[in-house]
Number of protein chains: 2
Amino acid sequence: MSPKVDTHPTKPLSNSQRAFLSLRDMIFAGELAPGSDHLESELAKQLGVSRTPIREAALMLESQGLLELRPRKGVRILPVSPDDMAEIYDVLTELECLAARNAADKGFSEPDLHLLAKAIEDMEVAVDQNNLEEWAEADDRFHHTLVSLGGNSRASAMFDMMNDQVRRARTVTLFIRPLPIKSNEDHRQVYEAIKLGDASTADAVHRAHRQNAKNMMLDLLQKHRLRGV
Amino acid sequence: MSPKVDTHPTKPLSNSQRAFLSLRDMIFAGELAPGSDHLESELAKQLGVSRTPIREAALMLESQGLLELRPRKGVRILPVSPDDMAEIYDVLTELECLAARNAADKGFSEPDLHLLAKAIEDMEVAVDQNNLEEWAEADDRFHHTLVSLGGNSRASAMFDMMNDQVRRARTVTLFIRPLPIKSNEDHRQVYEAIKLGDASTADAVHRAHRQNAKNMMLDLLQKHRLRGV
DNA sequence: GCATGAATTTACGTATGCATTAATAAATGC
DNA sequence: GCATTTATTAATGCATACGTAAATTCATGC
(Lines give C-alpha, C1' and ligand atoms only; values in the text may rest on other atoms or scores of the structure.)
Protein backbone atom coordinates (compact mmCIF):
# COMPACT_ATOMS: atom_id res chain seq x y z
CA MET A 1 0.00 0.00 0.00
CA SER A 2 1.46 3.27 -1.05
CA PRO A 3 1.75 5.95 1.58
CA LYS A 4 -0.96 8.56 1.45
CA VAL A 5 0.45 11.84 0.33
CA ASP A 6 -2.69 13.68 1.18
CA THR A 7 -5.04 12.23 3.74
CA HIS A 8 -7.42 15.10 3.34
CA PRO A 9 -7.33 15.78 -0.39
CA THR A 10 -7.11 19.51 -0.30
CA LYS A 11 -8.27 21.21 -3.45
CA PRO A 12 -5.99 23.95 -4.68
CA LEU A 13 -6.94 27.41 -3.52
CA SER A 14 -7.65 30.14 -6.00
CA ASN A 15 -5.43 33.20 -6.10
CA SER A 16 -8.24 35.21 -4.53
CA GLN A 17 -8.42 32.84 -1.60
CA ARG A 18 -4.67 32.81 -1.19
CA ALA A 19 -4.63 36.58 -1.32
CA PHE A 20 -7.35 36.64 1.32
CA LEU A 21 -5.38 34.41 3.64
CA SER A 22 -2.10 36.19 2.99
CA LEU A 23 -3.49 39.65 3.57
CA ARG A 24 -5.29 38.47 6.68
CA ASP A 25 -2.12 37.02 8.11
CA MET A 26 -0.20 40.15 7.22
CA ILE A 27 -2.78 42.16 9.14
CA PHE A 28 -2.60 39.85 12.14
CA ALA A 29 1.18 40.08 12.11
CA GLY A 30 1.05 43.86 11.97
CA GLU A 31 2.95 43.71 8.70
CA LEU A 32 0.09 45.75 7.34
CA ALA A 33 -0.13 48.23 10.18
CA PRO A 34 -3.41 49.43 11.67
CA GLY A 35 -4.41 52.69 10.04
CA SER A 36 -2.07 52.26 7.10
CA ASP A 37 -3.16 52.58 3.46
CA HIS A 38 -2.17 50.28 0.66
CA LEU A 39 -2.83 50.60 -3.03
CA GLU A 40 -4.36 47.62 -4.74
CA SER A 41 -1.56 47.63 -7.28
CA GLU A 42 1.10 47.60 -4.55
CA LEU A 43 -0.47 44.62 -2.83
CA ALA A 44 -0.86 42.92 -6.19
CA LYS A 45 2.82 43.36 -6.90
CA GLN A 46 3.74 42.12 -3.41
CA LEU A 47 1.71 38.94 -3.77
CA GLY A 48 2.63 38.45 -7.39
CA VAL A 49 -0.89 38.50 -8.78
CA SER A 50 -3.02 40.96 -10.69
CA ARG A 51 -5.36 43.43 -9.09
CA THR A 52 -8.38 41.21 -9.59
CA PRO A 53 -7.72 38.65 -6.84
CA ILE A 54 -6.52 41.46 -4.59
CA ARG A 55 -9.80 43.28 -5.02
CA GLU A 56 -11.78 40.14 -4.36
CA ALA A 57 -9.77 39.40 -1.23
CA ALA A 58 -10.13 43.00 -0.09
CA LEU A 59 -13.89 42.82 -0.55
CA MET A 60 -14.03 39.75 1.66
CA LEU A 61 -11.76 41.27 4.28
CA GLU A 62 -13.92 44.36 4.26
CA SER A 63 -16.97 42.25 5.12
CA GLN A 64 -14.93 40.74 7.93
CA GLY A 65 -14.30 44.19 9.31
CA LEU A 66 -10.53 44.02 8.95
CA LEU A 67 -10.09 46.74 6.37
CA GLU A 68 -11.91 49.35 4.42
CA LEU A 69 -11.87 50.04 0.69
CA ARG A 70 -11.39 53.74 0.18
CA PRO A 71 -11.61 54.72 -3.46
CA ARG A 72 -8.35 56.21 -4.68
CA LYS A 73 -6.74 55.96 -1.27
CA GLY A 74 -6.19 52.26 -1.25
CA VAL A 75 -7.34 49.79 1.33
CA ARG A 76 -7.10 51.07 4.88
CA ILE A 77 -6.24 48.58 7.59
CA LEU A 78 -8.76 49.31 10.31
CA PRO A 79 -7.35 50.14 13.72
CA VAL A 80 -9.23 48.95 16.78
CA SER A 81 -9.95 51.74 19.23
CA PRO A 82 -10.80 51.16 22.90
CA ASP A 83 -14.45 51.78 22.04
CA ASP A 84 -14.23 49.19 19.29
CA MET A 85 -12.62 46.83 21.73
CA ALA A 86 -15.49 47.29 24.20
CA GLU A 87 -18.01 46.59 21.46
CA ILE A 88 -16.22 43.50 20.34
CA TYR A 89 -15.86 42.07 23.81
CA ASP A 90 -19.55 42.64 24.48
CA VAL A 91 -20.50 40.74 21.35
CA LEU A 92 -18.00 37.97 22.06
CA THR A 93 -19.42 37.63 25.52
CA GLU A 94 -22.94 37.10 24.23
CA LEU A 95 -21.91 34.64 21.58
CA GLU A 96 -19.74 32.61 23.92
CA CYS A 97 -22.30 32.58 26.70
CA LEU A 98 -24.97 31.45 24.28
CA ALA A 99 -22.65 28.65 23.25
CA ALA A 100 -21.85 27.78 26.86
CA ARG A 101 -25.55 27.46 27.71
CA ASN A 102 -26.29 25.44 24.61
CA ALA A 103 -23.32 23.19 25.24
CA ALA A 104 -24.44 22.60 28.81
CA ASP A 105 -27.95 21.77 27.63
CA LYS A 106 -26.69 19.20 25.18
CA GLY A 107 -25.65 16.86 27.98
CA PHE A 108 -22.18 16.19 26.63
CA SER A 109 -20.24 13.36 28.15
CA GLU A 110 -16.59 13.59 29.06
CA PRO A 111 -15.22 12.37 25.69
CA ASP A 112 -17.30 15.01 23.90
CA LEU A 113 -15.57 17.64 25.96
CA HIS A 114 -12.12 16.22 25.35
CA LEU A 115 -10.90 19.13 23.25
CA LEU A 116 -12.05 21.58 25.85
CA ALA A 117 -10.24 19.72 28.62
CA LYS A 118 -7.14 19.49 26.47
CA ALA A 119 -7.12 23.23 25.90
CA ILE A 120 -7.40 23.84 29.62
CA GLU A 121 -4.55 21.47 30.41
CA ASP A 122 -2.40 23.06 27.74
CA MET A 123 -3.06 26.46 29.22
CA GLU A 124 -2.07 25.27 32.66
CA VAL A 125 1.13 23.71 31.39
CA ALA A 126 1.91 26.84 29.42
CA VAL A 127 1.43 29.04 32.46
CA ASP A 128 3.66 26.79 34.54
CA GLN A 129 6.31 27.04 31.88
CA ASN A 130 5.79 30.76 31.53
CA ASN A 131 5.20 30.24 27.83
CA LEU A 132 2.82 33.03 26.91
CA GLU A 133 2.54 32.28 23.21
CA GLU A 134 1.56 28.72 24.01
CA TRP A 135 -0.94 29.96 26.55
CA ALA A 136 -2.46 32.39 24.07
CA GLU A 137 -2.80 29.68 21.47
CA ALA A 138 -4.48 27.31 23.92
CA ASP A 139 -6.71 30.06 25.26
CA ASP A 140 -7.84 30.90 21.75
CA ARG A 141 -8.42 27.21 21.16
CA PHE A 142 -10.49 26.94 24.34
CA HIS A 143 -12.79 29.74 23.32
CA HIS A 144 -13.07 28.47 19.79
CA THR A 145 -13.89 24.97 21.00
CA LEU A 146 -16.44 26.28 23.44
CA VAL A 147 -18.25 28.15 20.70
CA SER A 148 -18.11 25.11 18.42
CA LEU A 149 -19.69 22.97 21.13
CA GLY A 150 -22.60 25.38 21.17
CA GLY A 151 -23.49 24.05 17.75
CA ASN A 152 -24.64 27.30 16.17
CA SER A 153 -22.68 27.77 12.97
CA ARG A 154 -23.70 31.38 12.57
CA ALA A 155 -22.70 32.23 16.11
CA SER A 156 -19.40 30.50 15.39
CA ALA A 157 -18.83 32.48 12.23
CA MET A 158 -19.50 35.75 13.99
CA PHE A 159 -17.31 34.73 16.86
CA ASP A 160 -14.46 34.09 14.45
CA MET A 161 -15.06 37.45 12.86
CA MET A 162 -14.94 39.36 16.13
CA ASN A 163 -12.06 37.27 17.35
CA ASP A 164 -10.04 38.11 14.26
CA GLN A 165 -10.64 41.77 14.86
CA VAL A 166 -8.95 41.60 18.25
CA ARG A 167 -6.19 39.14 17.29
CA ARG A 168 -3.64 41.85 16.62
CA ALA A 169 -4.47 43.67 19.85
CA ARG A 170 -4.16 40.50 21.90
CA THR A 171 -0.75 39.83 20.41
CA VAL A 172 0.33 43.34 21.32
CA THR A 173 -0.91 43.12 24.89
CA LEU A 174 0.11 39.53 25.54
CA PHE A 175 3.41 40.50 27.10
CA ILE A 176 2.20 43.44 29.10
CA ARG A 177 -0.84 41.77 30.63
CA PRO A 178 -0.85 40.13 34.05
CA LEU A 179 -0.23 36.41 34.20
CA PRO A 180 -3.40 34.48 33.37
CA ILE A 181 -3.73 32.58 36.63
CA LYS A 182 -7.30 33.46 37.50
CA SER A 183 -8.25 32.96 33.89
CA ASN A 184 -7.38 29.29 34.05
CA GLU A 185 -9.54 28.76 37.10
CA ASP A 186 -12.47 30.33 35.30
CA HIS A 187 -12.04 28.01 32.38
CA ARG A 188 -12.14 24.97 34.55
CA GLN A 189 -15.31 26.17 36.24
CA VAL A 190 -17.00 26.69 32.91
CA TYR A 191 -15.92 23.24 31.84
CA GLU A 192 -17.35 21.70 35.00
CA ALA A 193 -20.66 23.53 34.64
CA ILE A 194 -21.02 22.31 31.06
CA LYS A 195 -20.20 18.76 32.06
CA LEU A 196 -22.86 18.97 34.79
CA GLY A 197 -25.38 20.36 32.34
CA ASP A 198 -25.71 23.51 34.41
CA ALA A 199 -26.38 26.11 31.74
CA SER A 200 -26.99 29.10 33.96
CA THR A 201 -23.79 28.56 35.95
CA ALA A 202 -21.82 28.10 32.75
CA ASP A 203 -23.27 31.35 31.49
CA ALA A 204 -22.68 33.26 34.70
CA VAL A 205 -19.11 32.10 35.19
CA HIS A 206 -18.14 32.63 31.61
CA ARG A 207 -19.81 36.02 31.51
CA ALA A 208 -17.82 37.15 34.52
CA HIS A 209 -14.67 35.73 32.94
CA ARG A 210 -15.30 37.73 29.79
CA GLN A 211 -16.14 40.86 31.71
CA ASN A 212 -12.78 40.61 33.46
CA ALA A 213 -10.99 40.08 30.18
CA LYS A 214 -12.71 43.11 28.74
CA ASN A 215 -11.80 45.32 31.68
CA MET A 216 -8.24 44.12 31.65
CA MET A 217 -7.88 44.80 27.96
CA LEU A 218 -9.39 48.27 28.26
CA ASP A 219 -7.09 49.04 31.19
CA LEU A 220 -4.07 47.94 29.23
CA LEU A 221 -5.04 50.03 26.23
CA GLN A 222 -5.57 53.04 28.43
CA LYS A 223 -2.42 52.67 30.54
CA HIS A 224 -0.24 52.15 27.53
CA ARG A 225 -1.95 54.83 25.49
CA LEU A 226 -2.82 52.35 22.80
CA ARG A 227 -5.56 54.34 21.16
CA GLY A 228 -5.76 52.40 17.94
CA VAL A 229 -4.23 48.94 17.84
CA MET B 1 -33.45 80.44 -3.15
CA SER B 2 -33.60 77.53 -5.49
CA PRO B 3 -35.35 74.45 -4.23
CA LYS B 4 -33.04 71.76 -2.98
CA VAL B 5 -33.13 68.86 -5.35
CA ASP B 6 -31.09 66.76 -3.03
CA THR B 7 -31.26 67.45 0.68
CA HIS B 8 -28.88 64.62 1.40
CA PRO B 9 -26.29 64.89 -1.36
CA THR B 10 -26.12 61.25 -2.22
CA LYS B 11 -23.00 60.23 -4.07
CA PRO B 12 -23.62 58.01 -7.04
CA LEU B 13 -23.36 54.34 -6.33
CA SER B 14 -20.95 52.16 -8.22
CA ASN B 15 -22.27 49.39 -10.43
CA SER B 16 -21.03 46.86 -7.90
CA GLN B 17 -23.03 48.50 -5.16
CA ARG B 18 -26.09 48.73 -7.32
CA ALA B 19 -25.69 45.10 -8.27
CA PHE B 20 -25.37 44.24 -4.60
CA LEU B 21 -28.58 46.06 -3.74
CA SER B 22 -30.45 44.74 -6.74
CA LEU B 23 -29.49 41.14 -6.17
CA ARG B 24 -30.28 41.45 -2.49
CA ASP B 25 -33.72 42.80 -3.23
CA MET B 26 -34.31 40.12 -5.82
CA ILE B 27 -33.46 37.54 -3.19
CA PHE B 28 -35.77 39.15 -0.64
CA ALA B 29 -38.57 39.24 -3.18
CA GLY B 30 -38.06 35.60 -4.04
CA GLU B 31 -37.33 36.60 -7.60
CA LEU B 32 -34.12 34.67 -7.15
CA ALA B 33 -35.63 31.63 -5.50
CA PRO B 34 -34.05 29.86 -2.52
CA GLY B 35 -31.95 26.98 -3.76
CA SER B 36 -31.80 28.23 -7.32
CA ASP B 37 -28.58 28.62 -9.30
CA HIS B 38 -27.67 31.57 -11.48
CA LEU B 39 -24.74 32.01 -13.79
CA GLU B 40 -22.71 35.14 -13.35
CA SER B 41 -23.13 35.92 -17.02
CA GLU B 42 -26.92 35.58 -16.80
CA LEU B 43 -27.11 37.96 -13.85
CA ALA B 44 -24.77 40.33 -15.64
CA LYS B 45 -27.02 40.37 -18.68
CA GLN B 46 -30.10 40.86 -16.49
CA LEU B 47 -28.63 43.86 -14.72
CA GLY B 48 -26.98 45.23 -17.82
CA VAL B 49 -23.43 45.21 -16.51
CA SER B 50 -20.37 43.06 -17.02
CA ARG B 51 -19.44 40.10 -14.88
CA THR B 52 -17.04 42.11 -12.77
CA PRO B 53 -19.56 44.05 -10.66
CA ILE B 54 -21.71 40.93 -10.44
CA ARG B 55 -18.82 38.98 -9.01
CA GLU B 56 -18.03 41.73 -6.54
CA ALA B 57 -21.64 41.92 -5.44
CA ALA B 58 -21.82 38.15 -5.16
CA LEU B 59 -18.71 38.11 -3.00
CA MET B 60 -20.33 40.59 -0.63
CA LEU B 61 -23.62 38.72 -0.57
CA GLU B 62 -21.73 35.55 0.16
CA SER B 63 -20.19 37.16 3.24
CA GLN B 64 -23.69 38.18 4.25
CA GLY B 65 -24.77 34.58 4.06
CA LEU B 66 -27.38 35.13 1.38
CA LEU B 67 -25.78 33.09 -1.37
CA GLU B 68 -22.91 30.84 -2.16
CA LEU B 69 -20.44 30.99 -5.03
CA ARG B 70 -20.16 27.56 -6.55
CA PRO B 71 -17.57 27.39 -9.32
CA ARG B 72 -19.13 26.43 -12.63
CA LYS B 73 -22.56 26.03 -11.11
CA GLY B 74 -23.30 29.69 -10.66
CA VAL B 75 -24.29 31.45 -7.49
CA ARG B 76 -26.67 29.45 -5.35
CA ILE B 77 -29.32 31.34 -3.42
CA LEU B 78 -29.15 29.84 0.03
CA PRO B 79 -32.38 28.40 1.38
CA VAL B 80 -33.09 28.75 5.09
CA SER B 81 -33.93 25.45 6.72
CA PRO B 82 -35.76 25.14 10.05
CA ASP B 83 -32.41 24.42 11.70
CA ASP B 84 -30.98 27.55 10.15
CA MET B 85 -33.99 29.45 11.37
CA ALA B 86 -33.44 28.25 14.91
CA GLU B 87 -29.80 29.30 14.76
CA ILE B 88 -30.67 32.70 13.44
CA TYR B 89 -33.34 33.37 16.02
CA ASP B 90 -30.97 32.36 18.80
CA VAL B 91 -28.36 34.81 17.59
CA LEU B 92 -30.92 37.54 17.06
CA THR B 93 -32.16 37.00 20.58
CA GLU B 94 -28.72 37.49 22.08
CA LEU B 95 -27.97 40.57 20.02
CA GLU B 96 -31.29 42.22 20.73
CA CYS B 97 -31.21 41.42 24.41
CA LEU B 98 -27.70 42.81 24.67
CA ALA B 99 -29.01 45.95 23.02
CA ALA B 100 -32.05 46.08 25.30
CA ARG B 101 -29.87 45.89 28.40
CA ASN B 102 -27.44 48.48 27.09
CA ALA B 103 -30.27 50.77 26.09
CA ALA B 104 -31.82 50.47 29.54
CA ASP B 105 -28.49 51.24 31.18
CA LYS B 106 -28.03 54.38 29.14
CA GLY B 107 -30.85 56.14 30.98
CA PHE B 108 -32.61 57.36 27.87
CA SER B 109 -35.29 59.95 28.31
CA GLU B 110 -38.60 59.85 26.50
CA PRO B 111 -37.50 61.88 23.45
CA ASP B 112 -34.57 59.53 22.95
CA LEU B 113 -37.00 56.66 22.72
CA HIS B 114 -39.30 58.46 20.32
CA LEU B 115 -38.58 56.20 17.37
CA LEU B 116 -39.22 53.16 19.47
CA ALA B 117 -42.57 54.51 20.68
CA LYS B 118 -43.50 55.47 17.13
CA ALA B 119 -42.82 51.96 15.91
CA ILE B 120 -45.01 50.53 18.64
CA GLU B 121 -47.85 52.90 17.84
CA ASP B 122 -47.56 52.12 14.14
CA MET B 123 -47.76 48.43 14.92
CA GLU B 124 -50.89 48.92 17.00
CA VAL B 125 -52.56 50.97 14.31
CA ALA B 126 -51.58 48.43 11.69
CA VAL B 127 -53.04 45.58 13.72
CA ASP B 128 -56.28 47.50 14.24
CA GLN B 129 -56.49 48.07 10.53
CA ASN B 130 -55.56 44.49 9.81
CA ASN B 131 -52.72 45.75 7.65
CA LEU B 132 -50.12 43.03 7.94
CA GLU B 133 -47.54 44.56 5.63
CA GLU B 134 -47.62 47.76 7.63
CA TRP B 135 -47.32 45.79 10.82
CA ALA B 136 -44.36 43.83 9.51
CA GLU B 137 -42.61 47.00 8.45
CA ALA B 138 -43.15 48.64 11.83
CA ASP B 139 -42.16 45.48 13.67
CA ASP B 140 -38.93 45.34 11.71
CA ARG B 141 -38.39 49.00 12.47
CA PHE B 142 -38.97 48.40 16.18
CA HIS B 143 -36.35 45.70 16.36
CA HIS B 144 -33.91 47.69 14.28
CA THR B 145 -34.40 50.77 16.45
CA LEU B 146 -33.98 48.74 19.59
CA VAL B 147 -30.68 47.37 18.39
CA SER B 148 -29.53 50.83 17.36
CA LEU B 149 -30.30 52.18 20.79
CA GLY B 150 -27.95 49.60 22.22
CA GLY B 151 -25.14 51.59 20.63
CA ASN B 152 -22.98 48.67 19.53
CA SER B 153 -22.29 49.08 15.84
CA ARG B 154 -20.97 45.57 15.42
CA ALA B 155 -23.97 44.05 17.12
CA SER B 156 -26.13 46.16 14.81
CA ALA B 157 -24.30 44.97 11.72
CA MET B 158 -24.68 41.36 12.72
CA PHE B 159 -28.29 41.90 13.57
CA ASP B 160 -28.89 43.29 10.09
CA MET B 161 -27.12 40.32 8.61
CA MET B 162 -29.20 37.77 10.49
CA ASN B 163 -32.34 39.76 9.90
CA ASP B 164 -31.74 39.78 6.17
CA GLN B 165 -31.37 36.04 6.20
CA VAL B 166 -34.89 35.60 7.57
CA ARG B 167 -36.53 38.42 5.59
CA ARG B 168 -37.76 36.16 2.84
CA ALA B 169 -39.12 33.62 5.32
CA ARG B 170 -40.97 36.28 7.27
CA THR B 171 -42.59 37.53 4.10
CA VAL B 172 -43.73 34.02 3.28
CA THR B 173 -45.15 33.36 6.73
CA LEU B 174 -46.65 36.79 7.30
CA PHE B 175 -50.07 35.78 6.07
CA ILE B 176 -50.21 32.38 7.66
CA ARG B 177 -49.08 33.41 11.11
CA PRO B 178 -51.46 34.26 13.96
CA LEU B 179 -52.35 37.89 14.49
CA PRO B 180 -49.58 39.69 16.36
CA ILE B 181 -51.62 40.80 19.36
CA LYS B 182 -49.47 39.45 22.16
CA SER B 183 -46.42 40.65 20.27
CA ASN B 184 -47.48 44.26 20.61
CA GLU B 185 -47.94 43.91 24.38
CA ASP B 186 -44.42 42.55 24.65
CA HIS B 187 -42.99 45.48 22.76
CA ARG B 188 -44.61 47.94 25.07
CA GLN B 189 -43.25 46.14 28.10
CA VAL B 190 -39.75 46.23 26.70
CA TYR B 191 -40.14 49.90 25.98
CA GLU B 192 -41.27 50.59 29.54
CA ALA B 193 -38.41 48.62 31.03
CA ILE B 194 -35.89 50.55 28.98
CA LYS B 195 -37.45 53.85 29.96
CA LEU B 196 -37.25 52.82 33.61
CA GLY B 197 -33.63 51.80 33.20
CA ASP B 198 -34.48 48.26 34.21
CA ALA B 199 -32.01 46.26 32.17
CA SER B 200 -32.76 42.82 33.51
CA THR B 201 -36.50 43.17 32.94
CA ALA B 202 -35.91 44.49 29.45
CA ASP B 203 -33.73 41.49 28.78
CA ALA B 204 -36.12 38.97 30.28
CA VAL B 205 -39.21 40.30 28.54
CA HIS B 206 -37.53 40.63 25.20
CA ARG B 207 -35.94 37.23 25.49
CA ALA B 208 -39.32 35.64 26.10
CA HIS B 209 -40.74 37.62 23.20
CA ARG B 210 -38.05 36.32 20.91
CA GLN B 211 -38.42 32.79 22.15
CA ASN B 212 -42.11 32.94 21.27
CA ALA B 213 -41.34 34.33 17.85
CA LYS B 214 -38.85 31.53 17.26
CA ASN B 215 -41.28 28.82 18.32
CA MET B 216 -44.04 30.29 16.22
CA MET B 217 -41.82 30.47 13.17
CA LEU B 218 -40.59 26.91 13.62
CA ASP B 219 -44.16 25.71 14.05
CA LEU B 220 -45.23 27.46 10.89
CA LEU B 221 -42.35 26.00 8.91
CA GLN B 222 -43.17 22.54 10.20
CA LYS B 223 -46.93 22.71 9.74
CA HIS B 224 -46.63 24.05 6.23
CA ARG B 225 -43.77 21.73 5.33
CA LEU B 226 -41.55 24.68 4.49
CA ARG B 227 -38.25 22.86 4.68
CA GLY B 228 -36.16 25.45 2.91
CA VAL B 229 -37.52 28.96 2.58
C1' DG C 1 -27.55 -1.47 -24.18
C1' DC C 2 -24.04 0.10 -21.20
C1' DA C 3 -19.67 1.66 -19.95
C1' DT C 4 -15.59 3.89 -21.12
C1' DG C 5 -12.95 7.32 -23.24
C1' DA C 6 -12.48 11.31 -26.54
C1' DA C 7 -14.08 15.60 -28.11
C1' DT C 8 -16.57 19.71 -27.21
C1' DT C 9 -18.63 23.13 -24.76
C1' DT C 10 -18.74 26.47 -21.32
C1' DA C 11 -18.23 28.94 -16.93
C1' DC C 12 -14.95 30.57 -14.21
C1' DG C 13 -10.56 32.74 -12.55
C1' DT C 14 -7.55 36.03 -13.70
C1' DA C 15 -4.95 39.37 -16.42
C1' DT C 16 -5.23 43.44 -18.95
C1' DG C 17 -6.69 47.81 -20.92
C1' DC C 18 -9.07 51.93 -20.63
C1' DA C 19 -12.30 55.76 -19.44
C1' DT C 20 -13.39 58.30 -15.47
C1' DT C 21 -12.56 61.19 -11.84
C1' DA C 22 -10.39 62.24 -7.45
C1' DA C 23 -6.15 63.99 -5.86
C1' DT C 24 -2.16 66.58 -6.59
C1' DA C 25 0.69 69.96 -8.70
C1' DA C 26 1.23 73.99 -11.44
C1' DA C 27 -0.16 78.31 -12.93
C1' DT C 28 -2.53 82.42 -12.70
C1' DG C 29 -4.60 86.53 -10.64
C1' DC C 30 -4.88 89.60 -6.91
C1' DG D 1 2.28 85.63 -0.37
C1' DC D 2 -2.22 83.57 -0.70
C1' DA D 3 -6.35 82.07 -2.93
C1' DT D 4 -8.33 80.27 -6.99
C1' DT D 5 -8.29 78.05 -11.22
C1' DT D 6 -6.27 74.99 -14.55
C1' DA D 7 -3.44 71.15 -15.91
C1' DT D 8 -1.49 66.77 -14.73
C1' DT D 9 -1.18 62.54 -12.60
C1' DA D 10 -2.72 58.29 -11.19
C1' DA D 11 -5.89 54.85 -8.87
C1' DT D 12 -10.05 53.09 -9.44
C1' DG D 13 -14.29 50.77 -11.50
C1' DC D 14 -15.43 48.21 -15.02
C1' DA D 15 -15.41 45.86 -19.54
C1' DT D 16 -13.14 42.57 -22.00
C1' DA D 17 -10.19 38.71 -23.41
C1' DC D 18 -8.50 34.33 -22.71
C1' DG D 19 -6.44 29.97 -20.71
C1' DT D 20 -7.98 26.28 -17.86
C1' DA D 21 -10.58 22.80 -16.13
C1' DA D 22 -15.09 21.06 -15.19
C1' DA D 23 -19.16 19.41 -17.24
C1' DT D 24 -21.40 17.65 -20.96
C1' DT D 25 -21.93 15.40 -25.30
C1' DC D 26 -20.55 12.26 -28.54
C1' DA D 27 -18.20 8.27 -30.19
C1' DT D 28 -16.43 3.92 -29.64
C1' DG D 29 -15.85 -0.79 -27.91
C1' DC D 30 -17.70 -4.53 -25.69
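Residues numbered from 1 in each chain as written. Chains lettered and ligands numbered in written order. Predicted model: local features only at pLDDT ≥ 70, side-chain atom pairs only at ≥ 80, totals over all residues. Heavy atoms only, no water.

You'll find chain A entered in an unreviewed UniProt entry as Transcriptional regulator, GntR family, with Shimia haliotis given as the organism.

Next up on the list: the sheet that holds strand 3 (residues 74–77) of chain B. Residues and elements named next belong to chain B. Read from one edge to the other, the open sheet built from 3 strands follows the order 1-3-2, with strand pairing classed as antiparallel. Each of the sheet's edge strands pairs with one partner strand only, and the pair in question is strand 1 (37–38) and strand 2 (67–70). Bridge analysis of strand 2 against strand 3 gives 4 bridges, and the strand direction is antiparallel. Bridged to Arg70 within strand 3 is Gly74. (Pairing = 2+ DSSP bridges. Helix = DSSP H or I, 4+ residues; strand = E, 2+ residues; numbered from the N terminus.)

Another aspect to go through is the protein's contact with DNA strand C. Around DNA strand C, the surrounding shell holds 17 residues, and the nearest of these are A:Asn15, A:Ser50, A:Thr52, B:Arg55 and B:Arg72. Within the contact set of DNA strand C, a base nitrogen lies 2.6 Å away from a side-chain nitrogen or oxygen of B:Arg72. Counting only elements with at least two residues in the surface near DNA strand C, the list comes to helix 1 (15–28) and helix 3 (51–63) of chain A together with helix 3 (51–63) of chain B. Looking at the surface near DNA strand C, the element that brings in the most residues is helix 3 of chain A, giving 3 residues. Grouping the amino acids of the surface near DNA strand C by side-chain chemistry returns 4 nonpolar, 6 polar and 7 charged. (Near = heavy atom within 4 Å. Polar contact = N/O pair within 3.5 Å; in protein donor to acceptor, adjacent residues only side chain to side chain. Nonpolar A, V, L, I, M, F, W, Y, C, P; charged D, E, K, R; others polar.)

Of the residues lining the interface, 23 residues belong to chain B; the matching set on chain A comes to 23 residues. Surface buried jointly by chain B and chain A totals about 2200 Å² across both partners, of which 54% is contributed by carbon and sulfur atoms. Where chain B touches chain A, the interface holds 8 salt bridges. Of the charged contacts, one joins A:Glu87 and B:Arg154 as a salt bridge, the two residues approaching to 3.0 Å between their closest N and O atoms. Counting the contacts that link chain B with chain A gives 15 residue pairs in polar contact (both at pLDDT 80 or more). Residue composition of the side of chain B that touches chain A, grouped by class: 8 nonpolar, 6 polar and 9 charged. (Contact = heavy atoms within 4.5 Å. Buried area = accessible area lost by both parts, 1.4 Å probe. Salt bridge = Lys/Arg side-chain N within 4 Å of Asp/Glu carboxyl O.)

We now examine the domain arrangement of chain A. Residues and elements named next belong to chain A. Considered domain by domain, chain A is made up of domain 1 (15–77) and domain 2 (82–223). Centre-to-centre separation of domain 1 and domain 2, based on C-alpha positions: 29 Å. Facing 9 residues of domain 1, the contacting portion of domain 2 comprises 5 residues. Carbon and sulfur atoms make up 56% of the surface buried where domain 1 meets domain 2, a total of about 650 Å² over both sides. Summed over the shared surface of domain 1 and domain 2, the number is 1 salt bridge. For Asp164, the salt bridge is made with Arg24, and the minimal N-O distance between the two is 3.5 Å. Remark: the boundary between domain 1 and domain 2 carries 1 residue pair in polar contact (both at pLDDT 80 or more). When residues of the side of domain 1 that touches domain 2 are assigned to their parent elements, the largest contribution, 3 residues, is made by helix 1. Of the residues belonging to the side of domain 1 that touches domain 2, the class tally is 5 nonpolar, 3 polar and 1 charged. (Domains from an automatic or database assignment.)

This paragraph deals with the protein's contact with DNA strand D. Near DNA strand D there are 17 residues, and of these A:Arg55, A:Arg72, B:Asn15, B:Ser16 and B:Ser50 occur at the shortest range. In DNA strand D, atoms within 4 Å of the protein come from the sugar-phosphate backbone in 63% of cases. The separation between a phosphate oxygen of DNA strand D and a polar side-chain atom of B:Ser16 is 2.8 Å. If you list the elements that add at least two residues to the surface near DNA strand D, you get helix 3 of chain A together with helix 1 (15–28) and helix 3 of chain B. Among the elements that take part in the surface near DNA strand D, helix 3 of chain B stands out by supplying 3 residues, more than any other. Along the lines of polarity and charge, the residues of the surface near DNA strand D split into 4 nonpolar, 6 polar and 7 charged.

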